[in-house]
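Report on the structure
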Amino acid sequence: MTEILVTDRLNLRRPAAQDEDATTAFYMSERSKMAGGHVPRPAAWRHFASTLGHWEVRGYGLWAITQRGEETIIGLVGPYYPDGWPETEIGWLMFDGAEGKGYAFEAAKAARDYCYGTLGWTTAVSYIAPGNTRSIALAERLDCTLDEAAAKPKPDTLVYRHPAPETPQ
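A brief look at the structure comes next. Not measured: the values here are computed from a predicted model.

Here we take up the overall build of the protein. In terms of regular secondary structure, the protein is built from four helices and eight strands. Its helices and strands taken in sequence order, the protein reads β-β-α-α-β-β-β-α-β-α-β-β from the N to the C terminus. Over its C-alpha atoms the protein spans a radius of gyration of 15 Å, differing by no more than 12% from the 15 Å that the globule rule assigns to 169 residues. Per-residue burial for the protein yields a buried fraction of 46% across its 169 residues. Partitioning the intrachain contacts of the protein with sequence separation of at least 6 by distance along the chain shows that 61% fall at a separation of at least 24. As displayed, the protein has an accessible area near 8700 Å², and 51% of this comes from carbon and sulfur atoms. A gap of 2 Å separates the mean positions of the 17 positive and 22 negative side-chain charges of the protein.

A word on the layout of surface pockets. Considering only enclosed or pocket space, the largest pocket measures out at about 1100 Å³ in volume. Forming the boundary of the largest pocket are 45 residues, of which Met34, Ala35, Trp92, Leu93 and Asn132 lie nearest the centre. Counted by class, the lining of the largest pocket contains 21 nonpolar, 14 polar and ten charged residues. Here the second largest pocket defines a volume of roughly 170 Å³. Forming the walls of the second largest pocket are Lys109, Arg112, Asp113, Tyr116, Gly117, Pro163, Ala164, Pro165 and Glu166. Of the residues in the lining of the second largest pocket, the class split is four nonpolar, one polar and four charged.

The next point concerns the pattern of salt bridges. In this structure the tally under the stated criterion is eleven salt bridges. Arg161 is the salt-bridge partner of Asp147, the closest N and O atoms lying 2.8 Å from each other. One end of the pair, Asp147, is in the loop between strand E7 (145-146) and strand E8 (158-161); the other, Arg161, is in strand E8, and 14 residues separate them in sequence. Residues participating in the shared-partner salt-bridge network are Arg31, Asp96, Glu99 and Arg134.

Quick notes on the rules
Residues numbered from 1 in each chain as written. Predicted model: local features only at pLDDT ≥ 70, side-chain atom pairs only at ≥ 80, totals over all residues. Heavy atoms only, no water. Helix = DSSP H or I, 4+ residues; strand = E, 2+ residues; numbered from the N terminus. Rg over C-alpha atoms; globule rule 2.2 N^0.38 Å. Buried < 20%, exposed > 50% of the residue type's maximum accessible area, 1.4 Å probe, protein only. Contact = heavy atoms within 4.5 Å. Areas by Shrake-Rupley, 256 points an atom, 1.4 Å probe, with all protein chains shown as cover. Lys, Arg positive; Asp, Glu negative; His and termini not counted. Charge placed at Lys NZ, Arg CZ, Asp CG, Glu CD. 1 Å grid on protein atoms, 1.4 Å probe; cavity = no way out; pocket = protein on both sides within 12 Å on 5 of 7 lines; lining within 4 Å. Points joined across faces, edges and corners; volume = space filled by probe spheres on them. Nonpolar A, V, L, I, M, F, W, Y, C, P; charged D, E, K, R; others polar. Salt bridge = Lys/Arg side-chain N within 4 Å of Asp/Glu carboxyl O.

By themselves, these figures tell us nothing about what the structure is for.
What follows is the structure, encoded as structure tokens:
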């Protein structure tokens, strides 16, 4: 599977050991509480290790987002389908200082194109915590719609369904 995607401003690459500090810092921060974080370092490290392991088990996973020409991770985005998830998800997490620049939109759009084109997905959702207004706004900007009938990984999760892939004419 493709391990690197390139957009106008970003590289999406497979996460690596060099991303440990930034990723664990994110999961330890309060800003990650709507993504299963705001946890002590050992639990944050397990989140990071799970991100790496997802690639090993599934052959795909969240990409580390970097600005073109840079190596420092600014977030994670991509296909995500851990055990127990009812559906395939396109997930995103932006680290402190990377929001409000359109990076999440650019990266999520590239990830969705990859999921539909390369992975052959015919549907995808994004699971969002209630009150996560930035993620809800991003889902809506990506033309996702709230799917209240969809199965949820946790009872209070909002499920935003991505538009179906375009079929070639």
